[in-house]
Amino acid sequence: ATLDLWCGPAGGPAVACDATPFVAGGGFVVRTTMTDSSTMPVRSPIFALQRAVLSSSDSSVARPAASPAGNGTLSMLAVAPGQAWLRARVDGVVDSVRVVVVP
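Residues numbered from 1 in each chain as written. Predicted model: local features only at pLDDT ≥ 70, side-chain atom pairs only at ≥ 80, totals over all residues. Heavy atoms only, no water.

Things to note about the confidence of the model for the chain
Okay, so step 1: Chain-level statistics for the chain give a pLDDT mean of 92 and a share of 96% at 70 or above.
Okay, so step 2: Least confident of the elements in the chain is helix 1 (residues 45–49), whose mean pLDDT is 86; most confident is strand 2 (residues 22–23), at 98. (pLDDT = per-residue confidence, 0-100. Helix = DSSP H or I, 4+ residues; strand = E, 2+ residues; numbered from the N terminus.)

The structure is reproduced here in structure tokens:
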């Protein structure tokens, strides 16, 4: 099974989340791509993401939002300027992305 976290437009190319800074005080979306143990795409990622454990290396910079986003996405909050790693663990599979928050 795999889990890949990325940023960018829905259906668009995967973009590193630290490629474009997020503005403090706003929300942003981290997208996911998941496959099962047979390397098949997960059809309903929302159910897998309901089991996700989300964390931040520095929650004073960025952290998971209280409310979930849509199917296959994670809602995050840009809290204050700085850098942080956001991590998601789903059923033993882990990925992380670095985010940059500006004033």
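Quick look at the nonpolar core
Okay, so step 1: The biggest cluster of nonpolar side chains holds 24 residues, and the ones touching the most others in it are Phe-28, Val-30, Leu-86 and Val-99.
Okay, so step 2: When contributions to this core are tallied by element, the ones reaching two or more residues are strand 1 (2–6), strand 3 (27–35), helix 1, strand 6 (73–78), strand 7 (82–90) and strand 8 (93–102). (Core = buried A, V, L, I, M, F, W, Y, C linked by side-chain atoms within 4.5 Å. Buried < 20%, exposed > 50% of the residue type's maximum accessible area, 1.4 Å probe, protein only.)

What to know about unusual backbone geometry
Okay, so step 1: Positive phi is not limited to glycine here, since Thr-39 has a value of about 65 degrees.
Okay, so step 2: Assignment of secondary structure puts Thr-39 in the loop between strand 3 and helix 1.

Side note on the pattern of salt bridges
Okay, so step 1: According to the stated counting rule, one finds two salt bridges in the structure shown.
Okay, so step 2: A salt bridge links Asp-18 to Arg-98, with the shortest nitrogen-to-oxygen separation between them at 2.9 Å. Taken together, the residues span a long stretch of sequence, with Asp-18 in the loop between strand 1 and strand 2 and Arg-98 in strand 8 at a distance of 80 residues.
Okay, so step 3: For Arg-98, a relative accessible area of 25% corresponds to the partly exposed category.
Okay, so step 4: One salt bridge connects Arg-51 with Asp-91, and the closest N-O pair in it is separated by 2.6 Å. Remark: Asp-91 occurs in the loop between strand 7 and strand 8 and Arg-51 occurs in the loop between helix 1 and strand 4 (53–56); sequence separation between them is 40 residues.
Okay, so step 5: For Arg-51, a relative accessible area of 46% corresponds to the partly exposed category.
Okay, so step 6: Asp-91 sits in the exposed class, given a relative accessible area of 55%. (Salt bridge = Lys/Arg side-chain N within 4 Å of Asp/Glu carboxyl O.)

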